[in-house]
Structure formats: structure tokens, C-alpha cells
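Coordinates in review
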Amino acid sequence: RVEHPAGGYKKLFETVEELSSPLSTHVTGRIPTWLQGSLLRCGPGLFEVGAEPFYHLFDGQALLHKFDFKEGHVTYHRRFVRTDAYVRAMTEKRIVITEFGTYAYPDPCKNIFSRFFSYFKGVEVTDNALVNIYPVGEDYYACTETNFITKINPDTLETIKQVDLCKYVSVNGATAHPHIESDGTVYNIGNCFGKNFALAYNIIRIPPLQADKEDPMSKSEVVVQFPCSDRFKPSYVHSFGLTSNYIVFVETPVKINLLKFLSSWSLWGANYMDCFESNETMGVWLHVAEKKKGRLLNIKYRTSAFNLFHHINTYEDNGFLIVDLCTWKGFEFVYNYLYLANLRANWDEVKRQAQKAPQPEARRYVLPLNIDKGDTGKNLVTLPYTTATATLRSDETIWLEPEVIFSGPRHAFEFPQINYKKYSGKPYTYAYGLGLNHFVPDRLCKLNVKTKETWVWQEPDSYPSEPIFVSHPDALEEDDGVVLSIVISPGVGPKPAYLLILDAKDMSEVARAEVEVNIPVTFHGLFKRA
């Protein structure tokens with residue numbers, strides 16, 4: 001077990017300045033000649049506005065990062081996304097838009113009457129696009145989880161425009177984890193108001209760019225609606241599963257209290273975090289729909305409570321769906337432990353907090369698709385390679401027990417990535433993850449989901465980001481390629497951060513490109529080939 005008494009991880013949550021032009025890097029090792037393109041990543045970069053702090057990990061203002069690979073040379077660039085939240089904060093020199101865990105006080109310059117009336121405006125929803133970047137047609141969007149996404153230029157990192165998803169399709173928001181098929185079709189999920197005002201979840205599809213070159217966004221459509229376990233309280237949804245024929249939605253007990261969400265926050269100084277609560281009795285419900293027909297399967301899958309942020313992969317096998325997940329056991333919301341005060345604490349305190357939090361576990365669930373009423377009381381899973389079970393109960397629900405694919409005390413396999421282009425929605429062997437040690441990211445991990453074998457990259461006082469797999473252009477095997485991660489090593493030598501390139505086969509170092517500046521935490525991103 002690695003310890004972090006020096007607290008170098010605190011540098012992940014420090015404000016930095018953007019760059020006016022890209023910096024060159026100092027390369028050690030050899031950058032593979034075939035690696036040509038850009039690693040684009042998103043995260044918070046401004047953790048306070050003047051004297052006003054942001055309180056939560058998901059509040060800092062969105063900073064876009066790019067490492068460019070060209071003929072063995074690497075450059076680094078970063079720019080703040082010019083969201084409404086950022087531009088107004090810069091203009092007024094205060095926090096103007098309420099963020100995930102930080103309430104924005106009303107404008108102190110306004111008189112009592114205009115302040116009174118602003119209470120009835122309702123909430124101005126944030127557009128702080130700090131979570132991920134994804135392509136739609138030929139465009140790239142930075143996003144958070146609200147209805148606002150931000151079109152950006154992937155070459156210059158300039159902000160192009162804010163886009164409101166509500167203008168195109170009936171959702172109140174969408175996740176930062178859309179699925180992108182090989183032809184460019186985008187699928188996503190978001191909460192919505194369904195029939196007779198009950199809450200529901202819509203799966204939206206954005207088609208690939210057509211010959212008419214029209215914006216694919218304008219052709220978005222809802223393909224299927226999943227029902228909600230509680231008509232007044234939708235579950236928090238962060239990602240979903242997709243195969244060639246099915247959509248899998250995991251409904252967890254972390255709920256959004258809509259009455260709190262829709263009431264005037266300004267009256268009681270609330271933010272998004274204040275609107276979450278846990279349903280302590282429902283456990284987890286899993287839903288499946290046929291992708292092409294948009295038809296819900298009337299099968300009620302149930303299991304015990306966990307938080308879920310990231311699906312690893314999903315695939316079909318002989319009448320079963322295999323659903324691999326990064327779970328956190330229990331119904332308490334993990335985000336309660338991600339306040340910056342917690343994350344910036346000294347190591348002993350960080351460990352003490354994490355002891356109380358839900359415990360991480362990577363799990364495989366197996367969902368039978370063909371149910372015979374005569375099998376009540378039996379385990380329906382007949383696949384030879386898994387210990388996961390699915391038991392048909394007399395009330396016609398199917399109780400699932402998982403196969404554990406990775407587990408270590410307070411050690412998470414999180415921010416999972418796979419060879420997505422070739423193996424998303426298909427049988428696969430390898431997943432790459434960021435290892436969290438009491439929520440501190442301190443290693444990169446490769447996992448064989450079949451044998452549970454692991455490979456680890458780790459160095460003292462070094463804090464990596466989500467690993468991104470980039471396949472070799474002439475790859476023959478699933479793990480032919482490299483893994484890219486941004487690492488900060490604040491205590492070690494003059495270079496505070498670097499881009500790390502590992503051989504995806506054995507997680508050994510191929511090269512690194514060091515920069516002279518600190519790089520704060522990033523959540524998600526992509527590699528855009530040149």
C-alpha cells in the first residue's frame with residue numbers, strides 16, 4: 001500500500017493560468033512515430049473567483065487541455081472554456097452562476113426590489129463544461145451534465161458557442177458519457193418529464209453527419225423512454241450501456257429531489273448537491289431496451305444498493321447481457337466525499353474520510369434476456385465463464401448477484417477505458433483504469449476482465465489521470481497500442497507535470513513529455529487522430 005504523507009495530490013486542486021500559445025515539452029524515451037494527433041482533456045482550472053472559493057470537485061471553471069503529437073514532438077496547450085459561468089465571473093469578479101456544490105449569492109449591487117424579483121426567475125443552470133469532450137458529426141463539444149454543451153475548436157481550444165439541448169430534444173440534461181458508434185451516431189441519456197408528469201429517462205440519438213452537411217444536432221430524436229422507479233424523484237444517471245442490439249440503464253438509489261430542485265434556491269442558498277437524497281430501500285433496478293425497435297423489455301432486474309458512475313463495457317452472449325461496472329457499495333452518495341476541503345486535507349484525514357465512504361468494487365452482472373416462468377427459484381445464468389447469477393423470484397423479478405472483477409480495500413479501479421473503437425459493445429478482455437487510493441489517484445491499472453490479472457504503473461508522489469487507450473494503426477490484438485495519461489509529480493524535480501505514454505501490453509513506460517507548469521485534475525477526454 002502506497003502512502004502520501006507529503007500531500008502532493010493537493011496540487012491537483014490548485015488554480016492555474018491558461019496559455020496564450022502552446023508550450024514545447026521535454027521528451028524522454030521515444031514517442032512512437034505512428035502516434036499523430038491530439039489528446040484533449042477537460043477538468044476544473046479555476047478554484048476560486050477573487051476571494052470567493054468553489055467548494056466541490058465539480059465546481060471549478062472548465063479548463064481544456066491539449067497535448068499535440070507530431071513527428072515525435074509534443075506540445076502542450078490549455079485554455080479556459082468561455083462558458084457563461086466563466087465569462088460572467090470574469091466580468092463581475094465574483095461567482096455569478098451556482099455550481100454543483102457552490103451557491104452563487106445574488107448580485108450585491110442590486111437594490112432590494114430587483115433582488116426580490118430575481119428570486120422568482122428560478123435557477124440559472126450552469127454551463128460549466130468541465131467533465132468531458134465528445135464529437136458530434138465534425139464538431140467537438142465540451143460538456144457537463146446539464147442541458148448546456150459548448151462547441152469548441154479542437155485545434156485552437158477556442159470556444160465557439162453554447163448549445164442548449166432542450167432546443168433540439170425533450171431532455172432536462174444529458175450525461176457527459178454519450179456512446180459514439182463507428183459511423184458517428186451518438187447515443188445519450190437524460191432525465192425528462194414523461195407521460196402525465198411522471199419522471200422518466202429518455203435515450204436520445206444524434207445521427208452521423210449526412211451528405212447535406214446539416215448540423216446533426218437538429219436531427220436528434222428520442223428513441224426510447226425508460227420509466228422511473230419513483231415518479232417524483234429521478235435517479236442520478238452518469239453513464240449507460242450500449243451493445244449492437246440493446247441499451248442498458250442502471251437506476252441507482254441516488255435520487256434527485258425535484259421539489260428541492262425546482263424550488264427557489266436563492267431563498268435558502270442551495271446548490272445542486274443539496275437536491276440529492278438516497279432511497280434506502282429500493283436497491284438498484286436495471287432496465288433493458290431493444291436499441292433498433294426502441295422497445296422496453298418487460299423484465300424487472302433487481303440487486304442490492306450501489307452508486308454507479310462508469311460503465312466499463314457491455315456485450316451480448318448467447319441470450320445474456322454482460323454488464324461490467326465500476327460500483328461503490330451502498331446507497332450513500334459518493335459525491336458527498338468529493339468536497340475540495342476533503343480532497344485537500346492531509347493524508348491521515350483523507351484516509352479517515354475514505355474509511356466512512358462507500359467502498360469501490362468493479363463488478364460483472366449478467367442479465368438473462370429469455371425468461372421462462374417455469375424456472376422460478378433457479379439461477380438462469382448458464383454461461384460457463386462467470387460466477388454471476390440471476391435468480392427468477394416468485395414475484396417475477398430477477399435478483400442479480402455479481403462476479404467481482406476487481407476489489408481492494410479503499411482502492412478503486414475507476415475512470416475505466418477500453419479499446420473502444422473495436423470492442424465497445426462486444427466481447428472484450430482488457431480494461432484500463434485510474435487507481436484511486438482513498439480517492440487519491442496514484443496509479444494506472446490494466447485489468448484482464450476474464451482472468452482478473454492486473455498490471456500496474458505507479459511512482460512515488462505521482463498522480464495520474466484517466467488512461468486513454470490509443471490503438472496501433474496496424475493492431476492485430478486488442479491491447480496493441482499505448483495508454484496516455486497526464487501525471488503530476490509536484491515533489492519530484494523541476495518538472496511538475498508530464499504526459500506519460502505506456503505500452504498497453506504490459507503498462508511499461510515508452511516515453512514522457514515533461515512540462516514546466518502544473519496541470520490540475522482532469523476527468524475525461526479523447527484522442528483525436530491527426
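Keep in mind that what you see is a predicted model, and the values were worked out from it rather than measured.

Reading the values: the criteria
- The residue numbering used here restarts from 1 in each chain and proceeds along that chain's sequence as written.
- Selection of residues for local features in this predicted model requires a pLDDT of at least 70, selection of side-chain atom pairs for listing and counting requires 80 or more, and totals for whole chains, interfaces and linings are taken over all residues.
- Side-chain figures throughout are based on the complete set of non-hydrogen atoms in the structure, without hydrogens or water.
- Each helix corresponds to a stretch of at least 4 residues labelled H or I by DSSP, and each strand to a stretch of at least 2 residues labelled E; elements are numbered beginning at the N terminus.
- Counted as a polar contact is a pair of N or O atoms within 3.5 Å, where, for protein atoms, one must be capable of donating a hydrogen and the other of accepting one, and residues adjacent in sequence contribute only when both atoms are in side chains.
- Throughout, a residue-residue contact means that at least one pair of heavy atoms, one from each residue, lies within 4.5 Å.
- Paired strands are those between which DSSP finds at least two bridges.
- For helices, the axis comes from a line fit to the C-alpha atoms of the stretch in contact; other axes are also lines fit to C-alpha atoms, and the angle between any two N-to-C directions lies between 0 and 180 degrees.
- UniProt positions are given in the numbering used here, feature names are shortened, and annotations may be inferred rather than shown by experiment.
- The salt bridge definition used is simple: a Lys or Arg side-chain nitrogen within 4 Å of an Asp or Glu carboxyl oxygen.
- Throughout this description, buried means an accessible area under 20% of the type-specific maximum (1.4 Å probe, protein chains only), exposed means over 50%, and partly exposed covers the range between.
- Two distance rules govern patches: like charges are joined within 9 Å, and nonpolar side chains (Val, Leu, Ile, Met, Phe, Trp, Tyr) within 5 Å, applied only to residues with over 30% relative accessible area and no salt bridge.
- All accessible-area figures derive from a Shrake-Rupley calculation using a 1.4 Å probe, and residue coverage is judged against the displayed protein chains alone.
- What the arc measures is the spread of directions leading from the helix axis to the C-beta atoms.
- To form a nonpolar core, buried Ala, Val, Leu, Ile, Met, Phe, Trp, Tyr and Cys residues must be joined to one another through side-chain atoms within 4.5 Å.

1. Describing the side chain of glutamine 61
Assignment of secondary structure puts glutamine 61 in strand S6 (residues 61-70). In terms of polar contacts, glutamine 61 uses its side chain to reach the backbone carbonyl oxygen of aspartate 59, at 3.3 Å. Ignoring sequence-local partners within four residues, the contact set of glutamine 61 consists of Gly43, Pro44, Gly45, Leu46, Phe54, Phe80, Thr83, Ala85, Tyr86, Glu99 and Asn128.

2. Quick word on the sheet that holds strand S8 (residues 132-136)
In spatial order, the strands read S8-S9-S10-S11; together these four strands make up an open sheet with antiparallel pairing. The open sheet is flanked by S8 and strand S11 (159-164), the only strands paired with a single partner. Taken pair by pair, the neighbouring strands of this sheet meet at an average axis angle of 35 degrees, ignoring direction. Note: strand S9 (residues 139-143) against strand S10 (residues 148-152), four bridges, orientation antiparallel.

3. Side note on the UniProt feature "binding site: Fe cation" (unreviewed entry) in the chain
Annotation from UniProt places "binding site: Fe cation" (unreviewed entry) at His177, His238, His310 and His524. Across 348 residues, the annotated set stays spatially compact, with a maximum C-alpha separation of 12.7 Å. Its location among the elements puts histidine 177 in the loop between S11 and strand S12 (179-180). With residues near it in sequence (within four places) discarded, histidine 177 still touches Asn132, Asn188, His238, Ser239, Phe240, His310 and His524. Note on placement: histidine 524 falls in strand S37 (residues 524-529).

4. So, unusual backbone geometry
Even without being a glycine, leucine 157 presents a positive backbone phi close to 65 degrees. With respect to the element layout, leucine 157 can be found in the loop between S10 and S11. The phi angle at phenylalanine 415 is positive, at roughly 45 degrees, despite the residue not being glycine. Here phenylalanine 415 lies in strand S29 (residues 411-417).

5. With respect to the pattern of salt bridges
Per the stated rule, a full pass over the model turns up 34 salt bridges. Ionic pairing is found between arginine 88 and glutamate 124, a salt bridge with its closest N-O pair at 3.0 Å. Placement of arginine 88 in helix H1 (residues 84-92) and of glutamate 124 in the loop between helix H2 (112-118) and S8 is noted, with a sequence separation of 36 residues between them. The exposure class assigned to arginine 88 is partly exposed, which follows from its relative accessible area of 29%. With a closest N to O distance of 3.3 Å, lysine 213 and glutamate 138 form a salt bridge. In this pair, lysine 213 sits in the loop between strand S14 (199-206) and strand S15 (221-227) while glutamate 138 sits in the loop between S8 and S9, placing the two residues 75 residues apart along the sequence. Its relative accessible area of 55% is what places lysine 213 among the exposed residues. Each of the salt bridges in this network shares a partner with another, and the network as a whole consists of Lys446, Glu477, Asp479, Asp480 and Lys505.

6. Some remarks on a nonpolar patch on the surface
Together, Phe193, Phe197 and Leu262 make up an exposed nonpolar region whose accessible area comes to about 370 Å². Position of leucine 262 among the secondary structure elements: in helix H3 (residues 258-262). Relative accessible area serves as the criterion here: at 60%, leucine 262 is assigned to the exposed category.

7. Some details on H1
Within H1 the residues assigned to the buried category are Ala85, Tyr86 and Ala89. Considered in projection along H1, the buried side chains sweep an arc of 95 degrees and stay on one side of the axis. On the buried face of H1, the contacting elements are strand S3 (37-46), strand S4 (48-49), S6 and strand S7 (73-80). Once H1 finishes, lysine 93 follows within two positions and takes phi at roughly 55 degrees, a positive value.

8. Brief notes about the nonpolar core
Counting residues in each nonpolar core, the largest one holds 103 residues, and the members touching the most others are Phe67, Phe69 and Leu484. Once residues lying within four places of it in the same chain are set aside, the contact partners of leucine 484 are Leu35, Leu39, Phe69, Glu466, Pro467, Ile468, Val470, Leu499, Leu500, Ile501 and Phe527. Ranked by size, the runner-up nonpolar core spans 41 residues in total, among them Leu286, Tyr301, Ala388 and Ile405.

9. Looking at the side chain of histidine 310
Here histidine 310 shows up in strand S23 (residues 306-317). On the accessibility criterion, histidine 310 (7% relative accessible area) is buried. Only 3.3 Å separates the side chain of histidine 310 from the side chain of histidine 238, close enough to count as a polar contact. In this structure, histidine 310 is in contact with His177, His238, Ser239, Leu325, Cys326, Glu414, Phe415, Pro416 and His524, ignoring residues within four places of it in sequence.

10. Quick word on the sheet that holds strand S35 (residues 497-503)
In a beta sheet, neighbouring strands pair by backbone hydrogen bonds and run either parallel or antiparallel. Taking strand neighbours across the sheet as the criterion, the five strands line up as S2-S36-S35-S34-S33 in an open arrangement whose pairing is antiparallel. Two strands lie at the open edges of the sheet, namely strand S2 (26-29) and strand S33 (468-471), each paired on one side alone. Neighbour-to-neighbour, the strand axes of the sheet open up by a mean angle of 20 degrees, direction not taken into account. In terms of strand pairing, strand S34 (residues 481-488) meets S35 through seven bridges, oriented antiparallel.

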